[in-house]
Amino acid sequence: MTHKKNHVVELDDVVVRFAGDSGDGMQLTGSLFSDSVAFAGNDFATFPDYPSEIRAPQGTIAGVSGFQVHFGHNNIHTSGDLADVLVAMNPASLRASLKWAEKDAILIVDSDAFIEKGIIKAGYDTNPLEDNSLVGYNLIKAPISRLTKEAVKDLGIELKTALRCKNMFALGIVLYLFNRKLDSANAFFEEKFKSNPLIVESNKRVLKAGFIFAENVEAINSTFRVQPAKLKKGKYRNITGNRATAWGFLAASERSGRELFLGSYPITPASEILQELTKHKQFSVKAFQAEDEIAGICSSLGASFTGSLAVTSTSGPGLSLKSEAIGLAVMTELPIVIVDVQRGGPSTGMPTKSEQSDLFQALFGRNGECPTIVLAAISSSDCFYSAYEASKLALEHMTPVILLSDGALANGSEVFKIPKVADLPEINPPIVEPNDPDFKPYRRDENKLSRYWAIPGTEGLRHRIGGLEKENITGNVSNDPLNHQLMVKLRDDKVKRVANYIPKQKIIGKNSGELLVVSWGGTYGVMLTAIERMQEEGRDISLAHFKYINPLPKNTKEIFSKFKKIIVCELNNGQFVSYLKMNFPEFKYEQYNKIQGLPFMVSELKEKFSSLLNE
Amino acid sequence: MEESQIKVPAIPELTKEDFVSDQMVKWCPGCGDHAILSSMEKVFPKLGIRKEDFVVVSGIGCSSRFPYYMNTYGIHGIHGRAAAIASGVKIANPELSVWMITGDGDCMAIGGNHFIHVVRRNLDINIVLFNNKIYGLTKGQYSPTTPKGAKTKTSPQGTFEVPFNPGELVIGAQGTFFARVTDSNPKMMVDVLFEAARHNGTSVVEILQNCVIFSNKIHDLITSKETKEDNQLHLKQGKPMLFGKEKDKGIVLRGTKLEVVKLGENRITEKDVLIHNQYDHDPGIHNMLARMAPPEFPIALGVIRAVEQETYEEAMTDSIVVAKNISPLKSVDDLISSGNIWEI
Ligand SMILES: Cc1ncc(C[n+]2csc(CCOP(=O)(O)OP(=O)(O)O)c2C)c(N)n1
Ligand code: SF4
Ligand SMILES: [Mg+2]
C-alpha cells in the first residue's frame, strides 16, 4: 500500500493507548499492535489495564479495558506515562482514559458509539465530541461501527459477529498512522481462526478498511515514523512476565537435571504461570492444579523431598495461606520457590491492579524465626532470570526462596533478548550419593550451611524429617533448649551467607553525591527512565535498584554512606524503607509512596527528585 | 526419577527388623497406635518393595508421630496437610510406595479438603486413618467423628454435631478403596493393610483405635469380648454376609434397605443373605455397608470397596509420554526461540 500523505514526522518514542469496553477486544488489539511494533524492530513495553470483572455492565466506566504500548528507537524501559495516541471505542472509555492522554494527543473515537444512551451511561452531560471540551486534542471522529458493517456486508455474517471486528478497524487506523504494514495482523488472523475462513476474511477486510479510512480522512494530515531501536545483535521476542517466569523455571529444570513440579491454585494475576507450565509436559513438567494454595505448596514440598525442582505460584492472599507450609520448608530445609505475583491488598483488594504490597509478608509473615531468601524480579523479561536464579539459590542452598513479581510485570510485556540455556550459570544441588557413610539428615555444607539432599529411592539414606525441631546433625526430634537456639542461628546464618553468592548492588550513576534514589522490584523501568533523564539534564542523582531483598547485597551500607540524601520509592505504604531502617538505622531516609494500584509516572518522579535536589 | 529405576534385580528378603526405627516410641502405654505400628512393620517386608522405596507421610497428632517410628523415608508434616504432601511425593515419583498416616482430626477436620480431593483423584496412596474419635495430642477435644452427644473437653454438655462416617465420605468422594478394621484384631489389620497396599489407587483404611486417655473404650461395643461377635460383620469377597457367635445372623437387601435377619426364622436360609462384592463399581451397597452401625446393625469390617480405575499419576505419566512424542520442542532453547522471533 502506498501512502497518500507525504508528510511524515519522525519521533523518538510514542505511547499508544487502546481503550474500550471489556468485550471490545482491546487486549488483543494492543498485543497485535505490539507485534507489529516488534517486527519493525522497535524497542517497546506494554501495560494492560483491565477491570477484575470479566464483563462489567456494557458501556460503563467500570467496564473499561485498556492496553498501553510504548515504543521507540531508544531503550524503552516503561509502558509510558501519558498517551500520544488514545483510541476510545465508546464514551465511557474516553471519559475513563482521557486523564492518561497528553493534552495535545491524537484521539481516535468511534463516533457511532457517541449516541445519547452511551453518553449518559458514561456520565457525560453533553456529547464530548460536540461540546468543545476536546479543544486542543487532535480529534479523529471515525464512524467505526458503520464502516465495519459496511466492510463485511456482502460476507453474509451476522451483525453481532461483524461488529466484533470493529477493534480491527481501530487497529487499521493506528497502523496507518505509524506507517506500519498489515502483514503481522493478517498472519495472526490466518493462524488463530484457521478453522473459520469467514472470520479470517472479515477481520482482514475490517483492518484494511480502517487503514484506508485513515489514508483518506482529512483529520489525519501527517503520519509518524519511529526508527528501529539500536538493540544489540541477537534474536528477540516479546514476552510477558508470567511467561518469562514459567520459562525461567523450565530452563532451571533443564540445567539442574531436576524434574520441574509446580503445585498451584489459580489466582489473578498469577494463573498464567500455572497455565503456561501445563503446556510443557514434553519437558516432563508436572503441573498439579491443587484444591487450594495450601495443597499447592504442600504438594510441592512433597515433590521437593522426592528430588524435584519444586515451585508454587500465587498472589498475596494465596501467600497468606501458604505461610505455615513455608515454615515447614524452613524447618525441613528443603528447596522450594514460592512465586508471589503481588496485587493490591489487603484481602481480595484490587486483584487486577499492581502493588508492591507483600514485601512484609514475604519477609516476616510466618510463625517462629523463619527466614527465607527473598528476590524481586525487576522487569517482565527479568522474570526469566529471576525465576532461574531463585531456583538456583533454592537448590544449592537447600532453602525456600520467595520470588516477588507483580501484576504489572506479570501481564506487561517487553522485548526479550533470547539467551542460550547453556550460557546460564550451572546449578549444582547437593545430592547425596547412595550409601554415603557420612550422611546425616542435618549435616551441613561448611560454607553455605546447607544440608544435603537425600532423595527417596536412594539406597542407604532412609531418614525422617518434619516440622518438629530437629537435633543438629542427627535430625532426631529435640526439645533441648541449647540445640533450639543453635538451630535457629544456623537457619538464620544459612540465609545470611547467601550474600556471599549474589552480586554486589550496582549503582546507576555516580557512586557518591547529592541524592541516591532507592527502589526495588517491578518499578525498575520507570525509575531508570526518570534517573537517566535527570542525569542527562546534569542533575546529581544516582539510582540503586534492588533485586536481592533478603539477604541484601553486602555493599548496601557502603553505598548508602556516600550520599547526602536517600529517597526510597515504592508502590506501597513504605515497607522497603522500614526494612532498610531496621537494617541500617544510621541513615536518614526520605520516602515516596504511591498506593493507587498504578505504576509510577516518570514525570511525578522527576518532580519529586527535583524538589529534593533544590531544597 | 533415575534413582528408583536402578532397581536391584531381586529384592532381598526383608523382615520386620528392617523397618524398626531407633527412636523411642512415645505413645501412652496401652494406646491402640502400638498395635497398628506392629502390624505395619509386619506388612511392609511382605510387599516385595525395596525398603528405600517406602515413603511415610503424616500430619500432626499422636497418630502422626508414626513416621519417626518406621525406618523408611518419611515426612512428619503439618496439621491436616499430609494428603497434599503425599500427593506431591507420589506425582513426583510414581515408583514409590507412599503411605499416609493421619488421625480423625487431621484427616476429617483441618485436612478434610485435601482428603476428599486425594480420594477423588485416585492417586495410588495408602491412607491409614487412626480413628479414636477424639483429638488426642491436644488432650481431648471432640473431633468430626466423635459421636453426637459425647461429652469431651469442648463439649461439656455433649456435642451437638452430627459426626462424619469416613467410609461414606470416601465413597461420596468417588473413592475406589475403603476398608475398616479395629486395633484389637492384628491379623485382620495385617490382611487388610496388605490388600490396601496392593490396590492401585487411593486406599483408605479406617482403624478404630482406642485412646486410653481421652476416649477410652469408645469402640467397646464393637471390640469387647462379650459383644463383638454380634456387633461385627467380617466382610469377605464372594462370601455371604453372616455374623454372630453362631454365624446365624445375616444381612439381606429388602427393597432399598439392608436388614438383619436370623437364619431359620421366617424360612430365611443362607441363600437369602447378601454376597459381598467389593469389586462392584456401583457404590450403593458399599455405602449402605459403610453406614451400618450398632445397635441396629453390626459394623462392617474388612474391605468394603475395591474397584479398578485409572490413577492420577498413570494419566499424568501417559500425557507426558504423548507430549514427548508429538512435541517439536526438544529443549528449552527450542521453546524460547519458537513463535514470533526477530533478529537484529
Ligand atoms: C495449624 C494447627 N492447628 C492446630 C494444631 C493443634 N493440634 C495438633 S494435633 C490436633 C488434633 C489431633 O487429632 P487427631 O488428628 O485426631 O490425632 P490424634 O492425636 O487423635 O491421633 C490439633 C488440633 C496444630 N498442630 N496445628
Ligand atoms: S493420648 Fe490417646 S491417642 Fe495419644 S498416645 Fe495417648 S492413648 Fe494414644
Ligand atoms: Mg484422633
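Residues numbered from 1 in each chain as written. Chains lettered and ligands numbered in written order. Predicted model: local features only at pLDDT ≥ 70, side-chain atom pairs only at ≥ 80, totals over all residues. Heavy atoms only, no water.

Q: Pulling in residues and values, what's your account of the packing of helix α4 (residues 144–152) of chain A against helix α6 (residues 166–177) of chain A?
A: Residue and element names in this part refer to chain A. At a minimum axis distance of 9 Å, the contact between α4 and α6 shows a crossing angle of 105°. Considering the angle they form, α4 stands roughly perpendicular to α6. Residues Ile144, Ser145, Leu147 and Thr148 of α4 form the contact with α6, whose participating residues are Lys166, Phe169 and Ala170. Residues that form the contact of α4 with α6 fall into these classes: four nonpolar, two polar and one charged. (Axes fitted to C-alpha atoms, helices over the stretch in contact; angles between N-to-C directions. Helix = DSSP H or I, 4+ residues; strand = E, 2+ residues; numbered from the N terminus. Parallel < 35°, antiparallel > 145°, perpendicular 65-115°, else oblique. Contact = heavy atoms within 4.5 Å. Nonpolar A, V, L, I, M, F, W, Y, C, P; charged D, E, K, R; others polar.)

Q: Summarise the coordination of the magnesium ion (ligand 3); cite the residues concerned and give the values.
A: Around the magnesium ion (ligand 3), the protein contributes the donor atoms Asp104 of chain B (OD), Asn132 of chain B (OD1) and Ile134 of chain B (O), which lie 2.1 to 2.2 Å from the metal centre. Judged by relative accessible area, Ile134 of chain B falls into the buried class, the value being 4%. (Donors = N, O, S within 2.8 Å, 3.2 Å for Na, K, Ca; no water. Buried < 20%, exposed > 50% of the residue type's maximum accessible area, 1.4 Å probe, protein only.)

Q: Got a sec to walk through the site of ligand 2? Specific residues and values, please.
A: Around ligand 2 lies a shell formed by Trp27, Cys28, Cys31, Cys62, Asn132, Gln209, Cys211, Val212, Ile213 and Phe214 of chain B. Its residues assigned to classes, the shell around ligand 2 shows eight nonpolar, two polar and no charged. (Near = heavy atom within 4 Å.)

Q: Any chance you could break down a negative patch on the surface for me, citing the residues and the numbers?
A: All names here are of chain B. Among the surface-exposed residues, Glu308, Glu310, Glu314 and Asp318 lie close enough to one another that they form a single negatively charged patch. Within the secondary structure layout, Glu310 lies in the loop between β11 (299–306) and α11 (312–326). Looking at Glu310, the relative accessible area reads 48%, which means it is partly exposed. (Patch = residues over 30% accessible without salt bridge, like charges linked within 9 Å, V, L, I, M, F, W, Y side chains within 5 Å. Areas by Shrake-Rupley, 256 points an atom, 1.4 Å probe, with all protein chains shown as cover. Salt bridge = Lys/Arg side-chain N within 4 Å of Asp/Glu carboxyl O. Lys, Arg positive; Asp, Glu negative; His and termini not counted. Charge placed at Lys NZ, Arg CZ, Asp CG, Glu CD.)

Q: An account of the site of ligand 1 is needed here, citing residue identities and associated values.
A: Neighbouring ligand 1 are 17 residues, the closest being Cys62, Ser63, Asp104, Gly105 and Asp106 of chain B. Looking at what sits near ligand 1, you find residues from chains A and B. The side chain of Ser63 of chain B places a nitrogen or oxygen atom 2.7 Å from an oxygen atom of ligand 1. In this structure, an oxygen atom belonging to ligand 1 sits 2.9 Å away from a main-chain N or O atom of Gly105 of chain B. Ranked by the residues each element gives to the shell around ligand 1, the list is headed by helix α4 (residues 104–110) of chain B, at four residues. Residue composition of the shell around ligand 1, by class: six nonpolar, eight polar and three charged. (Polar contact = N/O pair within 3.5 Å; in protein donor to acceptor, adjacent residues only side chain to side chain.)

Q: A description of the sheet that holds strand β21 (residues 563–570) of chain A should follow, citing residues and the corresponding values.
A: Residue and element names in this part refer to chain A. One open sheet holds the four strands; their spatial order is β19-β18-β21-β22, and the pairing between them is parallel. Here the strands that pair on one side only, and so sit at the sheet edges, are β19 (541–546) and β22 (589–593). On average, adjacent strands in this sheet sit at an angle of 25° to one another, irrespective of strand direction. Across five bridges, the pairing between β21 and β22 is parallel. Counterpart to Cys569 in the pairing with β22 is Tyr592. (Pairing = 2+ DSSP bridges.)

Q: Report on the packing of aromatic side chains, specifying residues and quantitative values.
A: Residue and element names in this part refer to chain A. Following the criterion strictly, the structure yields 34 aromatic pairs over all chains and no others. A ring pair is formed by Phe33 and Phe178, whose centres lie 6.1 Å apart and whose planes are at 55°; its orientation type is tilted. Taken together, the residues Phe33 in helix α1 (residues 26–39) and Phe178 in the loop between α6 and α7 (183–192) connect sequence positions 145 residues apart. Ring plane angle 40° and centroid distance 6.3 Å describe the contact between Phe261 and Phe288, whose orientation is recorded as tilted. One end of the pair, Phe261, is in strand β10 (residues 260–264); the other, Phe288, is in strand β11 (residues 286–289), and 27 residues separate them in sequence. Phe288 matches Phe261 in its accessibility class, with the two residues each being buried. Here the aromatic cluster, defined as three or more aromatic residues joined through ring pairs, consists of Phe360, Phe364, Trp520, Phe546, Phe560, Phe576, Tyr579, Phe584, Phe587 and Tyr589. Positioned over the ring face of Trp453 is Arg258, at 5.8 Å from the centre of the ring. Lying over the aromatic face of Tyr442, Arg451 brings its terminal NZ or CZ to 5.1 Å of the ring centre. (Phe/Tyr/Trp six-rings, centres within 6.5 Å; stacked < 30°, edge-to-face > 60°. Lys NZ or Arg CZ within 6 Å of the ring centre and 35° of its normal.)

Q: Now, about the state of the cysteines: what can you tell me, with residues and values included?
A: Considering all chains together, one arrives at zero disulfides over all chains under this definition. Left without a disulfide partner, Cys107 of chain B is nearest to the cysteine sulfur of Cys298 of chain A, which lies 14 Å away. (Disulfide = S-S within 2.5 Å.)

Q: So what's going on with the interface of chain A and chain B? Which residues, and what values?
A: The partner chain B presents 61 residues to the 69 residues of chain A that form the contact. Around 5700 Å² of area is buried between chain A and chain B when both sides are counted, 62% of it from carbon and sulfur atoms. Summed over the three residues of chain A that lose the most area to chain B, namely Glu291, Arg462 and Arg464 of chain A, the buried surface amounts to 14% of that side. Linking chain A with chain B are one salt bridge, by the criterion used here. Among the ionic pairs, Arg121 of chain B bridges to Glu291 of chain A, the shortest N-O distance being 2.9 Å. Summed over the shared surface of chain A and chain B, the number is 29 residue pairs in polar contact (both at pLDDT 80 or more). At the level of elements, α1, β9 (235–240), α9 (241–256), β11, α11 (293–305), α12 (316–332) and β17 (464–466) of chain A are the ones that each hand at least two residues to the side of chain A that touches chain B. For the side of chain A that touches chain B, the residue count by class is 33 nonpolar, 18 polar and 18 charged. (Buried area = accessible area lost by both parts, 1.4 Å probe.)

Q: Could you give me a rundown of unusual backbone geometry, with the residues and numbers involved?
A: Glycine aside, negative phi is the norm for most residues, and most peptide bonds take the trans geometry. Of note, the bond from Gly345 of chain A into Pro346 of chain A is cis; its omega dihedral lies within 30 degrees of zero at 0°. Of note, Pro346 of chain A is situated in the loop between β13 (336–342) and α13 (359–364). The omega torsion of the bond from Pro294 of chain B to Pro295 of chain B falls at 5°, within 30 degrees of zero and hence cis. Look at Lys133 of chain B: it is not a glycine, yet its phi comes out positive at around 60°. At Arg267 of chain B, a residue that is not glycine, the phi angle is positive and equals roughly 60°. Position of Arg267 of chain B among the secondary structure elements: in the loop between β10 (257–262) and α10 (284–291). The class for Arg267 of chain B is exposed, based on a relative accessible area of 80%.

Q: An account of the domain arrangement of chain A is requested, with residue identities and associated values reported.
A: All names here are of chain A. Taken domain by domain, chain A holds domain 1 (8–226), domain 2 (237–423) and domain 3 (513–614). Computed over C-alpha atoms only, the centres of domain 2 and domain 3 are separated by 26 Å. Facing 26 residues of domain 2, the contacting portion of domain 3 comprises 23 residues. Both faces considered, domain 2 and domain 3 share a buried interface measuring about 2000 Å² in area, 61% of it formed by carbon and sulfur atoms. When the buried surface of domain 2 facing domain 3 is broken down by residue, Gln356, Leu359 and Ile378 rank first, second and third, together holding 34% of it. Across the pair Asp382 and Lys547 runs a salt bridge, and its minimum N-O distance is 2.8 Å. Our count for the domain 2 to domain 3 interface comes out at 14 residue pairs in polar contact (both at pLDDT 80 or more). (Domains from an automatic or database assignment.)

Q: How would you summarise the domain arrangement of chain B if you had to cite specific residues and measurements?
A: All names here are of chain B. Here chain B is partitioned into domain 1 (3–235 + 276–316) and domain 2 (240–275). When each unit is reduced to the centre of its C-alpha atoms, the spacing between domain 1 and domain 2 is 29 Å. Domain 1 puts 15 residues into the contact, and the matching count from domain 2 is 15 residues. A combined buried area of about 1200 Å² lies between domain 1 and domain 2, and 70% of that area is made up of carbon and sulfur atoms. Here Asp230 ties to Lys249 by a salt bridge, and the two come within 3.2 Å at their closest N and O atoms. Our enumeration of links across domain 1 and domain 2 arrives at three residue pairs in polar contact (both at pLDDT 80 or more). Listing elements by their share of the side of domain 1 that touches domain 2, those giving two or more residues are α9 (228–231), β7 (232–234) and α10. Among the elements that line the side of domain 1 that touches domain 2, the one with the most residues is α10, at three residues.

Q: Residue-level account of the pairing of strand β5 (residues 83–88) of chain A, with values.
A: Residue and element names in this part refer to chain A. Counting buried residues along β5, five of its six residues qualify, which places the element largely inside the surrounding structure. Examined bridge by bridge, strand β2 (residues 13–21) and β5 share four bridges and lie parallel to one another. By the bridge assignment, Phe18 is partnered in β5 with Val87. In this structure, β5 lies alongside strand β6 (residues 101–110), joined through five bridges in parallel fashion. Bridge pairing in β6 links Val85 to Ile106. Note on the crossover from β5 through helix α2 (residues 91–97) to β6: the handedness is right-handed. (Right-handed = clockwise from strand over helix to strand, strands pointing away.)

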